[in-house]
Amino acid sequence: MVGNEFGQAKIFDPRSNTVDPVQILDVGEPAISVLSIAQHPGRTHLILGGCSDGNLTLWDVRKGTDEPLVVARHEGAILDVSRWQVRTALRELMTFLNN
């Protein structure tokens, strides 16, 4: 997985014989960079991205859409998505979905 300055997170399959990504996720704004990216360790279909605009975005790759859910906002750019942030983001997401 890799994020880029064009607002995309690209997922690659190292087992494939191609250099093309198997899926491209988009934050919806090409001016926003995906600076950090992480896959949930237990729920591997969940991808969390830290963006240059301070948004923490979550994609569910099972949905077949690249539309993210903005889980949290931060004052500055999110340069590192650690496991703590993944757990925090999922807690906030569950709270949001239950309301």
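The structure under discussion appears in the preceding block.
Note that the structure is a prediction, hence the values are computed from the model and not measured.

What counts and what doesn't
Positions within a chain are numbered from 1, following the residues in the order the chain's sequence is written. Reporting in this predicted model follows two pLDDT cut-offs: at least 70 for local features of residues, and 80 or more for side-chain atom pairs to be given and counted; totals over whole chains, interfaces and linings ignore these cut-offs and use all residues. The basis for every side-chain value is the complete set of heavy atoms in the structure, and neither hydrogens nor water enter the calculation. In this text, helices come from DSSP runs of H or I with a minimum length of four residues, and strands from runs of E with a minimum of two, each type numbered from the N-terminal end. Residue exposure (1.4 Å probe, protein chains only): buried if accessible area is under 20% of the type maximum, exposed if over 50%, otherwise partly exposed. Any two residues whose heavy atoms approach within 4.5 Å are treated as being in contact. Two strands make a pair as long as DSSP finds a minimum of two bridges between them. To define axes, lines are fitted to C-alpha atoms, for helices over the stretch in contact only, and angles between the resulting N-to-C directions are given on a 0 to 180 degree scale. A side-chain nitrogen of Lys or Arg and a carboxyl oxygen of Asp or Glu constitute a salt bridge if their distance falls within 4 Å.

Trainee: I'd love a proper account of the overall build of the protein chain, names of residues and values included.
Mentor: Across its full length, the protein chain holds one helix and seven strands. Counting from the amino terminus, the protein chain carries its helices and strands in the arrangement β-β-β-β-β-β-β-α. Per-residue burial for the protein chain yields a buried fraction of 37% across its 99 residues. The long-range fraction of contacts in the protein chain, counting pairs at least 24 apart against all pairs at least 6 apart in sequence, stands at 39%.

Trainee: Give a detailed account of the sheet that holds strand β7 (residues 69–73), specifying residues and quantitative values.
Mentor: Each strand in a sheet pairs with its neighbour through backbone hydrogen bonds, running either in the same direction (parallel) or in the opposite one (antiparallel). Strand order across the open sheet formed by four strands is β4-β5-β6-β7, with antiparallel pairing between neighbours. The strands lining the two open edges of the sheet, one partner per strand, are β4 (34–39) and β7. Averaged over all adjacent pairs, the angle separating strand axes in this sheet is 25 degrees, with direction ignored.

Trainee: So what's going on with the side chain of D60? Residues and values would help.
Mentor: Following the sequence through the fold, D60 ends up in strand β6 (residues 55–60). Using a relative accessible area of 16% as the deciding quantity, one classes D60 as buried.

Trainee: Can you tell me about the pairing of strand β5 (residues 46–51), naming the residues and giving the values?
Mentor: Working note: regular strand, side chains alternate between the two faces of the sheet. Within β5, six of the six residues are buried, leaving the element largely enclosed by the surrounding structure. Here β5 pairs with β6 via five bridges, running antiparallel. The partner of L48 across the bridge, within β6, is L58. Linking β5 back to β6 in an antiparallel pair, the connection comprises three residues, with G54 at a positive phi of about 90 degrees.

Trainee: How would you summarise the sheet that holds strand β2 (residues 8–11) if you had to cite specific residues and measurements?
Mentor: A sheet is described by the order of its strands in space; here three strands give the open sequence β1-β2-β3, paired in antiparallel fashion. For this open sheet the edge positions go to β1 (2–3) and β3 (23–26), each flanked by a neighbour on one side alone.

Trainee: Just give me the short version of the pattern of salt bridges, but keep the residues and values in it.
Mentor: Tallying each qualifying case throughout the model produces two salt bridges. With a closest N to O distance of 2.9 Å, D13 and R15 form a salt bridge. R15 gets classed as exposed once you look at its relative accessible area, which sits at 72%.

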